[in-house]
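# Observations on the three-dimensional arrangement
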Amino acid sequence: MARKGRLQEIFSKAVYADDPSLYFVSYRDFENIVEVPLQEFVQLSENFAVIPQSRIVKVRKGSEILYRKSG
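Residues numbered from 1 in each chain as written. Predicted model: local features only at pLDDT ≥ 70, side-chain atom pairs only at ≥ 80, totals over all residues. Heavy atoms only, no water.

Moving on, we come to the pairing of strand β4 (residues 64-68). Pairing between strand β3 (residues 56-61) and β4: four bridges, direction antiparallel. Looking at the pairing, Lys 61 lines up with Glu 64 of β4. Following β3, the chain reverses through two residues before pairing antiparallel with β4; Gly 62 in that reversal takes a positive phi of roughly 60 degrees. (Pairing = 2+ DSSP bridges. Helix = DSSP H or I, 4+ residues; strand = E, 2+ residues; numbered from the N terminus.)

Put into structure tokens, the structure is as follows:
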């Protein structure tokens, strides 16, 4: 069984085991970085169909950064 990626683990925990309103996602939108609440991102991305995981640059819960894209 393939191991879930770091982003899927964070999103899964946020949605099913925590309060998703505490989470924020930053993603690349052309030349800009846009930060939106997790629930809004899930709707905008249509489950990563419109905004692929490769465009996510940061995920934070409150002031704690849970994921930051390297490179």
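Attention now goes to the packing of aromatic side chains. By the definition in use, this model includes four aromatic pairs. Relative to Phe 41, the ring of Tyr 27 lies with its centre 5.7 Å away and its plane at 55 degrees, an arrangement referred to as tilted. Here Phe 41 lies in helix α2 (residues 38-45) and Tyr 27 lies in strand β1 (residues 23-29), a separation of 14 residues in the sequence. For the pair formed by Tyr 27 and Phe 41, the shared burial category is buried. Put simply, the rings of Phe 11, Tyr 27, Phe 41 and Phe 48 touch in pairs and so form one group of aromatic residues. (Phe/Tyr/Trp six-rings, centres within 6.5 Å; stacked < 30°, edge-to-face > 60°. Buried < 20%, exposed > 50% of the residue type's maximum accessible area, 1.4 Å probe, protein only.)

Next up on the list: unusual backbone geometry. Most peptide bonds take the trans configuration, and most residues that are not glycine carry a negative phi. Here the phi dihedral of Phe 30 falls at roughly 60 degrees; this positive angle occurs in a residue that is not glycine. With respect to the helices and strands, Phe 30 occurs in the loop between β1 and β2 (32-37).

Let us look at the nonpolar core. The biggest cluster of nonpolar side chains holds 15 residues, and the ones touching the most others in it are Ile 10, Phe 11, Phe 41, Ile 56 and Val 59. Counting residues per element, the ones that place at least two in this core are α1 (6-17), β1, α2, β3 and β4. Beyond its immediate sequence surroundings of up to four residues, Ile 10 is in contact with Tyr 23, Val 59, Leu 66 and Tyr 67. (Core = buried A, V, L, I, M, F, W, Y, C linked by side-chain atoms within 4.5 Å. Contact = heavy atoms within 4.5 Å.)

A few words now on the pattern of salt bridges. Following the criterion strictly, the structure yields three salt bridges and no others. Its salt-bridge partner being Lys 61, residue Asp 18 comes within 2.6 Å of it at the nearest N-O pair. Taken as a pair, Asp 18 in the loop between α1 and β1 and Lys 61 in strand β3 lie far apart in primary sequence, 43 residues in all. Classification of Asp 18 as partly exposed rests on a relative accessible area of 26%. Residue Lys 61 is classed as partly exposed on the basis of its relative accessible area, which comes to 26%. (Salt bridge = Lys/Arg side-chain N within 4 Å of Asp/Glu carboxyl O.)

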